[in-house]
Amino acid sequence: MNIEDLAVRISDLASFDGYQLECQPIPGEIEVLQITVGDFDELPTYVSVTDTQILCVTYLFTEDEVKSESRSEMLEEMLELNIPIPLSSFAKIGDRYVIFGALSNASGIEDICLEIITLTENAVESITALEDFLN
Amino acid sequence: MSVLKKIMTAVRGGAREVGELIVDSNGTRIFEQEIKDAETHLRKAKQDLTDVMAKQMQAGRKVESLKNEITEHEGYVAQALEKGNEDLALEIAEKIAQLEVDLAEQEEVHKSFSGHVVRLKDLVKKTERQLKDYERQLSMVKTTESVQKASAAITDNFASSNSKIISAKDSLERIKERQQNTFDRLAAAEQLEAETSDKSLEDRMKAAGIGDPDENSANAVLNRLKAKQK
């Protein structure tokens, strides 16, 4: 599935699992789709498609939001939480902490929507859990 | 050095074109060519393997048939000897000697083909493993590149749309507020609904003279005062 297909199919869905999904393509060297779930406007998911996988990434916070004195404690906490979080994992891109999920290119639209919704819910859950480590 | 380690070094160094740094100055293109070449080699090796396996089977069949022929002729020698025909027996024995030479030759050929098959099978396995490894490495490099490019596009988009990137805590605050609003609205609607239905029930009860009497009615006041005087 490529980005255009995905954008069209998500727009066609009125809602999924009770959530309204809104998508907006972002221009650039590689095509990215910004998708917001329901009321979670502040935590959009960015979807890109490569040869092997569909990557869904939600930005959590930047390095300078992290309280420096408890940084390593937070990192350890994130490693511990990585497995219990369903379908998503923590990662870092540049100076930004992210939560992401990767799917096979052969995934159906329902799998992708489920992934994006789960990712958004996990993002809210994670920031709530890690709030004490943030400025 | 492992490809993951190379990626780590490149990303730490702030590289934007990881492919160039890791696999080739032409990015991932040459690496993809290498994979194609390896695939061609693999196909060729598999063809060779099937050819050699066919030849091995042929040699195997020849060995079998020679062995049968030898056994057969050994029987003939015994029969000739039984009949006292020593000359014929010698002639058959000569034939057997020739067959044994052929057999030894064919066995050598068979052995050589078998060795070849083993070597080719090893080669195929090795090439397959290498191909898998190349593909795995390429996929890692390409994913890194893709994530970096996507991330750049997202950052550029933020910059161009002038949308302020708010902190995670603020995001959370807003989301929670919105959720609380929704929740409050729902709760208020429920309460209103409950009150309306309670009220209408009360009204109907009162009309039917059921329940508490109206405390402000003249009768109620009089009763209260009478009770005080006692």
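Our subject is the structure listed above.
Residues numbered from 1 in each chain as written. Chains lettered and ligands numbered in written order. Predicted model: local features only at pLDDT ≥ 70, side-chain atom pairs only at ≥ 80, totals over all residues. Heavy atoms only, no water.

**Concerning the overall build of chain B**
Quick note on the threshold: A run of H or I in DSSP becomes a helix once it reaches four residues, and a run of E becomes a strand once it reaches two; helices and strands are each numbered from the N terminus. To be clear on the numbers: accessible area is Shrake-Rupley with a 1.4 Å probe, and residue cover counts the displayed protein chains and nothing else.
Helix and strand counts for chain B stand at 6 helices and 0 strands. In the form shown here, chain B has an accessible surface area of approximately 16800 Å², with 53% of it arising from carbon and sulfur atoms.

**Notes on the packing of aromatic side chains**
Residues and elements named next belong to chain A. Selection criterion: Think of it this way: a Phe, Tyr or Trp ring, Trp meaning its six-membered ring, pairs with another when their centres are within 6.5 Å, and the plane angle makes it stacked under 30 degrees, edge-to-face over 60, tilted otherwise. Only protein chains enter the accessibility calculation, which uses a 1.4 Å probe; a residue is then buried when its area is under 20% of its type maximum, exposed when over 50%, and partly exposed in between.
Scanning the model with the defined rule gives 3 aromatic pairs over all chains in all. When the ring of Y19 is compared with that of F40, the centres are 6.3 Å apart and the planes differ by 45°; the resulting orientation is tilted. Note that Y19 is positioned in the loop between helix 1 (3-12) and strand 1 (21-26) and F40 in the loop between strand 2 (32-37) and strand 3 (45-49), a separation of 21 residues in sequence. By relative accessible area, which is 22% here, Y19 ends up partly exposed. Pairing Y46 with Y59 gives two aromatic rings, centres 5.6 Å apart and planes at 70°, and the pair type is edge-to-face. Linking Y46 in strand 3 with Y59 in strand 4 (residues 53-62), this pair joins segments that are 13 residues apart in sequence. Both residues of the pair, Y46 and Y59, belong to the buried class.

**Here we look at the pairing of strand 5 (residues 89-93) of chain A**
Quick reminder of the rule: Strands are labelled as partners when DSSP assigns at least two bridges between them.
In the sheet, strand 5 of chain A pairs with strand 6 (residues 96-104) of chain A via 5 bridges, with the strands oriented antiparallel. Bridge pairing in strand 6 of chain A links F90 of chain A to I99 of chain A.

**Concerning the nonpolar core**
What counts here: Within this scheme, the nonpolar core is defined by two criteria: the residues are buried Ala, Val, Leu, Ile, Met, Phe, Trp, Tyr or Cys, and they are joined through side-chain atoms within 4.5 Å.
Core analysis: the biggest nonpolar cluster contains 39 residues, and I10, L21, V47, F61, M74 and I116 of chain A have the highest contact counts within it. Only helix 1, strand 2, strand 4, helix 2 (71-82), strand 6 and helix 3 (109-130) of chain A together with helix 5 (168-207) of chain B provide two or more residues apiece to this core. The greatest single-element share of this core, amounting to 10 residues, is contributed by helix 3 of chain A. Formed by 13 residues, the second largest nonpolar core is a distinct cluster that contains F31, A45, L49 and V52 of chain B.

**Brief notes about the side chain of T36 of chain A**
Test applied: The contact rule is simple, with two residues in contact once any of their heavy atoms fall within 4.5 Å.
With respect to the helices and strands, the residue T36 of chain A is situated in strand 2. Contacts of T36 of chain A, omitting those with residues within four sequence positions, involve Q20, L21, E22, D41 and P44 of chain A.

**Details of helix 5 of chain B**
Cut-off, in case you're wondering: A helix is expected to span 1.5 Å multiplied by its residue count minus one.
Taking 1.5 Å per residue, 40 residues should reach 58 Å; helix 5 of chain B reaches 58 Å between its end C-alpha atoms and fits that length. The complete set of buried residues in helix 5 of chain B reads A168, S171, L172 and I175 of chain B. On its buried side, helix 5 of chain B packs onto strand 4 and helix 3 of chain A. Downstream of helix 5 of chain B by one or two residues, G209 of chain B has phi in the positive range, about 70°.

**Overview of the sheet that holds strand 2 of chain A**
Residue and element names in this part refer to chain A. The line we're drawing: For helices, the fitted line uses only the C-alpha atoms of the stretch in contact; every axis is such a line through C-alpha atoms, and the angle between N-to-C directions lies from 0 to 180 degrees.
If you trace the 6 strands from one edge of the open sheet to the other, you get 1-2-3-4-6-5, paired in antiparallel fashion. Of all the strands in the sheet, the pair left with one neighbour each is strand 1 and strand 5. Neighbour-to-neighbour, the strand axes of the sheet open up by a mean angle of 35°, direction not taken into account. When strand 4 meets strand 6, the two strands line up antiparallel, connected through 9 bridges. Counterpart to L55 in the pairing with strand 6 is A102. This element, helix 2, spans strand 4, strand 5 and strand 6 of the sheet and lies at about 135° to strand 5.

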